[in-house]
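# Inside the fold
Listed here are the chains, written in short residue letters.
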Amino acid sequence: MPELLFDVEKVRADFPILHQDVNGQPLVYLDSAATTQKPNAVIDAISDYYRNDNSNVHRGAHALADRATVKFEAARAKVAAFLNAPDAKQIIWTRGTTESINLVANCWGRSNLRAGDRVLVSAMEHHSNIVPWQLVADALGASVEPIPVDVTGTIDLSAFEAMLDDRVKMVSVGHVSNALGSINPVEKIIALAHATGAKVTVDGAQAVSHWAVDVQALDCDFYAFSAHKLFGPTGLGVLYGKRELLEAMPPYQGGGEMIETVSFAGTTFNQLPYKFEAGTPDIAGAIGFGAAIDYLNSIDRKAAAAHEQALLAYAEEKARNTSGIKLIGTSANKTSVMSFILEGAHPADVGVLLDKQGIAVRTGNHCAQPIMDQYGIPGTVRASFSFYNTFAEVDRLFAAIEKAKTFLL
Ligand code: 7TS
């Protein structure tokens, strides 16, 4: 087993859910790409908020409303600092990555795309970075086209460059593929797209939990992610956008909070970010997410990332030495996602047999059907590792795979 460079037992103590038995065995949670587990700090922040501060934000002239508003806006400022965004006003709360991308597709897309325009997405996008663009493009007579991905799961940059022309108005790509783990060269994609006048949306759902993303260094136009994949609660997401683009975009959901004045003669809209936040937001979620960011800032993130990479290398080495396993997604640059098939067995059956041994993985097409079709498979078994996983858990996974093989092959 590789040498430990990160105090994994110390961080595991912060995650209460990890300490339980499932089907009579200690839980091995290898599904962090679907959602990460939550540290005590997040669980406590949410319960403290409901115990002590619960109130609606921005509208009450009383102490609880003030406290709730201060904590809610402090969380937004924490996200801005986390992404190195120039201003917290450029951080819009949404329900998740999916809603963030739908917001860009509707608010930016409907006012900027015309018939004949092209939107490029990679062939390995999550459905939530394909379908919102298709809905808007279909309504406007624009097209959504896939950027080719090679057999290792790596974007073909020269093919991408060849696709660019002045009809390409938006390039929307994942920072990291959820199905394969490939880290996409978004810096290069952004520079190439900007050179031909296209805007770039980055789906950061699978990136933010692994390293510090700097939206100004990237120079992306929009960046989307979900709190629940970053140790925070479900039901909350983030959209960062460049100020001039956000200012120019009309809102797509109307209601309270997003307006300045309402009359039947005409309505004017609130300033950023509230223009895009109709209705009562997920206040407890935002406050819980603020605690998640504080938690992340309290650990050595570089050591955590090195630990995740060591887990991946250890697991993939074992996979290469296990008969019947075929790795799907072997790009040179990957996050700690190991997707594989067991030849001769359906991924869903493998998943059930692993679960029976206390091991949680995800099986299926991972909401990335086009790339599964490209591989000619219905789906994979995906083990995704976070910094709270151990080498012993990787050993448990492979012992469980050997046992599953005796039933399946
Ligand atoms: N984009 C990527 C790259 C994702 O991995 C996901 C969720 C989404 C968008 C959508 O995020 P949501 O929070 O709005 O649902 N991915 C996964 C997954 O891999 N397993 O479960 C959810």
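With that out of the way, let us pick up the packing of aromatic side chains. Going through the model one piece at a time under the given rule, you end up with 12 aromatic pairs. Look at Phe231 and Tyr388: their rings are 6.3 Å apart centre to centre, the planes differ by 85 degrees, and that puts the pair in the edge-to-face class. Taken together, the positions of Phe231 in the loop between β9 (222-226) and β10 (237-241) and Tyr388 in the loop between β17 (380-384) and α14 (391-408) put the pair 157 residues apart, joining distant regions of the chain. Tyr388 carries the same exposure label as Phe231, and that label is buried. Grouped by ring-pair contacts, the aromatic residues Phe6, Phe15, Phe231, Tyr295, Phe387 and Tyr388 constitute a single cluster.

What follows concerns the domain arrangement of the chain. In many analyses, interface size is given as the accessible surface area lost on bringing the parts together. Each domain of the chain was delimited in the assignment, giving domain 1 (8-30 + 300-402) and domain 2 (44-297). The interface is formed by 31 residues belonging to domain 1 together with 29 residues belonging to domain 2. Taken together, both faces of the contact between domain 1 and domain 2 bury some 2400 Å²; the carbon and sulfur share is 54%. Taken as a group, Arg301, Thr335 and Cys367 account for 28% of the area that domain 1 buries against domain 2, more than any other trio of residues on that side. Across the domain 1-domain 2 interface, the total number found is zero salt bridges.

Around the ligand there are 16 residues in total, and Thr98, Asp203, Ser226, Arg362 and Arg382 lie nearest to it. With respect to the ligand, the side chain of Thr98 contributes an N or O atom lying 2.6 Å from an oxygen atom. Side-chain polar atom of Asn178 to an oxygen atom of the ligand: 2.8 Å apart, as the coordinates give it. Burial of the ligand by the protein amounts to 86% of the accessible area it has alone, namely 490 Å². By residue class, the composition of the shell around the ligand is three nonpolar, nine polar and four charged.

Conventions used here
- Residues numbered from 1 in each chain as written.
- Predicted model: local features only at pLDDT ≥ 70, side-chain atom pairs only at ≥ 80, totals over all residues.
- Heavy atoms only, no water.
- Phe/Tyr/Trp six-rings, centres within 6.5 Å; stacked < 30°, edge-to-face > 60°.
- Helix = DSSP H or I, 4+ residues; strand = E, 2+ residues; numbered from the N terminus.
- Buried < 20%, exposed > 50% of the residue type's maximum accessible area, 1.4 Å probe, protein only.
- Domains from an automatic or database assignment.
- Contact = heavy atoms within 4.5 Å.
- Buried area = accessible area lost by both parts, 1.4 Å probe.
- Salt bridge = Lys/Arg side-chain N within 4 Å of Asp/Glu carboxyl O.
- Near = heavy atom within 4 Å.
- Polar contact = N/O pair within 3.5 Å; in protein donor to acceptor, adjacent residues only side chain to side chain.
- Areas by Shrake-Rupley, 256 points an atom, 1.4 Å probe, with all protein chains shown as cover.
- Nonpolar A, V, L, I, M, F, W, Y, C, P; charged D, E, K, R; others polar.

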